[in-house]
Amino acid sequence: MDRSKLSLVVAVLLAVCSLSPTSLAEAVYCDLQPVDPEVTYVTNQVSEGCVAHVPNATVEVHILFLKFPQNISKLELTVQMPKQNGTWPREVLVVISTKKFIFLQLQNPGFPLHLAYDPRLVHFQKISGVNVTELPVFINKSQVLNWARTKGAITSTAELNDPQNIFLHLDQAPRSPSSCSPEPLMDMGHTLQWTPLTKTLVRGCRLEGVAGHKEVHILRVLPGPEPRPRTVTVKVDLRCAMGDPGAMLILQGPPYVSWFIKAEHTMQILTTGNYSLKSIPGSNIPGVQLPDTPQGLLAEARRLNASVVASFVELPAANEVSLSASSCGSGLQTSPPPVQTTPPKESCNQELLMSLIQPKCSDDIMTLVLHKTLISTLMCSIMNLTFWDPSCQAEDRGDQFVLRSAYSTCGMEVTENMVNNEVVVNFLSSSSPQRKKVQCIRMESFSLQLGLYLTPKFLQASNTIELGQQGFVQVSVSPSIPELMFQLDSCHLDLGPEAETMELIQSQAAKGSCVTLLSPSLHGDARFSFLLRGYMVPTPKAGTLSCTVSLRSRNSVEAHRTVSMRLNIVSPGVPGKTLVLPAVLGITFGAFLIGALLTAALWYIYSHTRPPSKREPVVAVAAPASSESSSTNHSIGSTQSTPCSTSSMA
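Residues numbered from 1 in each chain as written. Predicted model: local features only at pLDDT ≥ 70, side-chain atom pairs only at ≥ 80, totals over all residues. Heavy atoms only, no water.

Observations regarding the overall build of the protein
For step 1, the next point in the chain: When helices and strands are tallied, the protein shows eight helices and 43 strands.
For step 2, the next point in the chain: Sorting the 650 residues of the protein into buried and exposed places 44% on the buried side.
For step 3, the next point in the chain: Of the contacts formed within the protein by residues at least 6 apart in sequence, a portion of 70% connects residues at least 24 apart.
For step 4, the next point in the chain: Total accessible area computed for the protein in this model is approximately 34700 Å², and 55% of it derives from carbon and sulfur atoms. (Helix = DSSP H or I, 4+ residues; strand = E, 2+ residues; numbered from the N terminus. Buried < 20%, exposed > 50% of the residue type's maximum accessible area, 1.4 Å probe, protein only. Contact = heavy atoms within 4.5 Å. Areas by Shrake-Rupley, 256 points an atom, 1.4 Å probe, with all protein chains shown as cover.)

What about the pattern of salt bridges?
For step 1, the next point in the chain: Here the structure, examined in full by the defined rule, presents twelve salt bridges.
For step 2, the next point in the chain: The closest approach of N and O atoms between K141 and E48, which form a salt bridge, is 2.9 Å. Of the two residues, K141 is situated in helix α3 (residues 141–149) and E48 in strand β3 (residues 45–51); the sequence distance between them amounts to 93 residues.
For step 3, the next point in the chain: A salt bridge links R303 to E300; the nearest nitrogen and oxygen atoms lie 2.5 Å apart. (Salt bridge = Lys/Arg side-chain N within 4 Å of Asp/Glu carboxyl O.)

Quick look at the packing of aromatic side chains
For step 1, the next point in the chain: According to the stated counting rule, one finds six aromatic pairs in the structure shown.
For step 2, the next point in the chain: Ring geometry for Y117 against F124: centres 6.3 Å apart, planes inclined by 80°, an arrangement best described as edge-to-face. Here Y117 matches F124 in class, with each residue buried.
For step 3, the next point in the chain: Measuring from centroid to centroid gives 6.4 Å for F138 and W147, while their planes differ by 50°, and the two rings are tilted. Both residues of the pair, F138 and W147, count as buried.
For step 4, the next point in the chain: Members of the aromatic cluster, joined through ring pairs, are Y453, F458 and F472.
For step 5, the next point in the chain: Above the face of the F401 ring, K372 is positioned so that its terminal group lies 5.0 Å from the ring centre.
For step 6, the next point in the chain: Looking at R527, its charged tip hangs above the ring of F458, at a distance of 4.0 Å from the centre. (Phe/Tyr/Trp six-rings, centres within 6.5 Å; stacked < 30°, edge-to-face > 60°. Lys NZ or Arg CZ within 6 Å of the ring centre and 35° of its normal.)

Comments concerning the state of the cysteines
For step 1, the next point in the chain: The final tally for this structure, using the stated rule, is six disulfides.
For step 2, the next point in the chain: The disulfide that involves C50 links it to C180, with 2.0 Å between the sulfurs. Classification of the bridge connecting C50 and C180 rests on its S-S torsion, roughly 110°, and on that basis the disulfide is right-handed. Residue C50 is found in strand β3, and its partner C180 is found in the loop between β12 (163–169) and β13 (183–187); the two are separated by 130 residues along the sequence.
For step 3, the next point in the chain: Judged by its relative accessible area of 4%, C50 falls in the buried class. (Disulfide = S-S within 2.5 Å.)

Structural notes on the pairing of strand β32 (residues 434–441)
For step 1, the next point in the chain: Pairing analysis gives eight bridges linking strand β31 (residues 418–427) to β32, with the strands arranged antiparallel. When the bridges of β32 are listed, N420 appears paired with Q439.
For step 2, the next point in the chain: The turn linking β31 back onto β32 is made up of six residues. (Pairing = 2+ DSSP bridges.)

Remarks on the sheet that holds β13
For step 1, the next point in the chain: Strand order in this open sheet of seven strands is β10-β8-β6-β4-β11-β3-β13, and the pairing throughout is mixed. Every other strand in the sheet has two partners, leaving β10 (130–134) and β13 as the edge strands with one partner each. For this sheet, the mean inter-axis angle between neighbouring strands, taken without regard to orientation, is 30°.
For step 2, the next point in the chain: In this structure, strand β6 (residues 91–98) lies alongside strand β8 (residues 113–117), joined through three bridges in parallel fashion. Pairing of V94 across the sheet is with L115, part of β8.
For step 3, the next point in the chain: The strands touched by α3 within the sheet are β3, β4 (59–67), β6, β8, β10 and β11 (153–161), with β4 carrying the most contacts at an inclination of about 160°. (Axes fitted to C-alpha atoms, helices over the stretch in contact; angles between N-to-C directions.)

Thoughts on the side chain of K436
For step 1, the next point in the chain: Along the chain, K436 falls in strand β32.
For step 2, the next point in the chain: As a buried residue without a salt bridge, K436 has its nearest oppositely charged side chain in E351, at a separation of 11 Å.
For step 3, the next point in the chain: Here the side chain of K436 touches I357 through a polar contact of 2.6 Å, landing on its backbone oxygen.
For step 4, the next point in the chain: Setting aside residues no more than four positions away along its own chain, K436 makes contact with M354, S355, I357, Q358, N421, E422 and V423. (Lys, Arg positive; Asp, Glu negative; His and termini not counted. Polar contact = N/O pair within 3.5 Å; in protein donor to acceptor, adjacent residues only side chain to side chain.)

A word on the confidence of the model for the protein
For step 1, the next point in the chain: The predicted model of the protein has a mean per-residue pLDDT of 81, with 81% of residues at 70 or higher.
For step 2, the next point in the chain: Across residues 3–26, where pLDDT falls below 50, the model places ten contacts with residues more than four positions away in sequence or in other chains. (pLDDT = per-residue confidence, 0-100.)

Structural notes on the environment of V54
For step 1, the next point in the chain: Relative to the helices and strands, V54 is located in the loop between β3 and β4.
For step 2, the next point in the chain: Owing to a relative accessible area of 16%, V54 belongs among the buried residues under this scheme.

Considering helix α4 (residues 294–303)
For step 1, the next point in the chain: Within the span of α4, buried status applies to G296, L297, L298, A299, E300 and A301.
For step 2, the next point in the chain: One or two residues past the end of α4 sits N305, with phi positive at roughly 65°.

A short note on a nonpolar patch on the surface
For step 1, the next point in the chain: A contiguous nonpolar patch, built from F589, F592, L593 and L597 and spanning about 460 Å² of accessible area, is present on the exposed surface.
For step 2, the next point in the chain: With respect to the secondary-structure elements, L597 resides in helix α7 (residues 581–609). (Patch = residues over 30% accessible without salt bridge, like charges linked within 9 Å, V, L, I, M, F, W, Y side chains within 5 Å.)

Here's the deal with the environment of T562
For step 1, the next point in the chain: Looking at where T562 falls in the secondary structure, it is placed in strand β43 (residues 558–570).
For step 2, the next point in the chain: Taking relative accessible area as the criterion, T562 reaches 49% and is therefore assigned partly exposed.
For step 3, the next point in the chain: T562 sits 16 residues away from S546 along the chain, and the two C-alpha atoms are 6.8 Å apart.
For step 4, the next point in the chain: The residues touching T562, leaving out its near neighbours within four places in the chain, are S546, C547 and T548.
For step 5, the next point in the chain: In terms of polar contacts, T562 uses its side chain to reach the side chain of T548, at 2.9 Å.

Looking at the sheet that holds strand β42 (residues 542–552)
For step 1, the next point in the chain: Taken in spatial order, the six strands make up an open sheet running β35-β43-β42-β37-β38-β39, and their pairing is mixed. On the outer flanks of this sheet lie β35 (464–466) and β39 (509–510), each paired with one strand and no other.

Regarding unusual backbone geometry
For step 1, the next point in the chain: Residue P479 is bonded to the preceding S478 through a cis peptide linkage, with omega at 0°.
For step 2, the next point in the chain: On the secondary structure map, P479 appears in the loop between β36 (470–478) and β37 (485–494).
For step 3, the next point in the chain: At M379, a position not held by glycine, the phi torsion is positive, near 55°.
For step 4, the next point in the chain: Given the relative accessible area of 40%, M379 is considered partly exposed.
For step 5, the next point in the chain: Phi at C410 is positive, roughly 60°, even though this residue is not glycine.
For step 6, the next point in the chain: For C410, the location among the structural elements is in the loop between β29 (400–406) and β30 (413–414).
For step 7, the next point in the chain: Taking relative accessible area as the criterion, C410 reaches 9% and is therefore assigned buried.

Here it is in structure tokens:
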């Protein structure tokens, strides 16, 4: 065969080989355009970050480097840390570094937390249990990292682009390195999850040459920086007007990804990796082999006779994905193309400004303060600020507007435990006013009880404690209302002007090794124990135990109240000191038992030593119970002074 014929045969063979299914898939024509369905997702992947395992750190530091495209943004931050042996194991500092103005909404962590940020850029409505440190002005990340190292051990760093929600789980990661060295495209694992505010690009198209209205939703999760097994939760919400549509769902991802699908619709499902359905508990359905390119997935949809790609989305390594479509079964719903116009001038963010209006309640007065710097930052102009009664207007105090009223005026609605009203704001840029409901908690309608006990059974309260003795404290509030969360903020023992005050509870956490937070009672009462030092100069004779509690509603309204009690303090072995009921019963029983034993012993001696011919009546001899009881008086009802670091206080 000559060379020309050989070349022709090779060309024909190459052409035949090129007609493989993959090549045919690449030839599928589909003009992907932006469409209406919305997709949101939660991910562990950050543009740069690190996680370290520092088990011996007394203060762990977590740094968030935040980037926002807008000049003003709102961020919701949730921080959680599990207890160890009933206590918080270490202090936590969260550093927030940003170059743009943000309004920070922190979900109450329920444990002592320290925040560091630039107050000129971060607006934060302070809540109980959170201490704030001013972050100096830094130019770059290295300066922030160097400053953070002086505060504690850096446990994690994360750089996030336009975050909307951040979830920090402060649990030590044993498999992480001992030091934190930021790496690009970092998988933060269990430590951090976040949701971006930027809308995900959702595209769709009509597949040419396929008749009908069968729709397909294609979701592709890209490989992450770390190939670890994970389960992606996919929630599908198709709001259909008439019945369930004949739709398909194609989920493609790395081979180590499995899927958990929440869907209320009848759908044909194809996935790489196994999947389970919420509607069928315990299901574990094997996946199929799917192409790993966009054109290959479109060809797979066409092979399954889908005529419309209702949504096509590519996402980074995600944990949760939500797909929502406003219509289904009616063909492709494309979004109108953007019209090139002059960039609009930024207008007043009324919704964000209204969220900043939070009441403060004390002495039967509701007060609302709105700083003018925040108003100008949001580019708003306010005509007036009033309660529901328009005659109650805010007072202009130069740098802020102050709106205040007693509970008996300005249209206040007073119930048994709450006070409700409405704030009305008239903006210059809007013809209709904005309204927001506000409320206060009536702390005077609640009764607080503070009790000291000398045993962990909390049976009988006492107002006397001995030096070197362990005390058990219970703080309760009544009535108990499910809508209000009760928390113990702080407690201290004032021993007078000549002695140092003992700080027992600070920021909802035990202060020092002498104090232990205990599990709440069955009724939700707060409990803790403390060990009173056995030697003090001068020796205190009395003290005042004070505790501050907070009640917090579901819409973040918070109220505080302090309760106190007077304590008598006695030295070990002081005559005439008050004995609690268990000690009295113990001494009485001990004296009775000793007397009975002495009587039995005398009877035994008498019966074995008397002459056998004479029998005389037995005379019972009463034991001197008082002298014996006094010998045991010191050992009952008192506790030996031990160092606070020992396990005797548990």
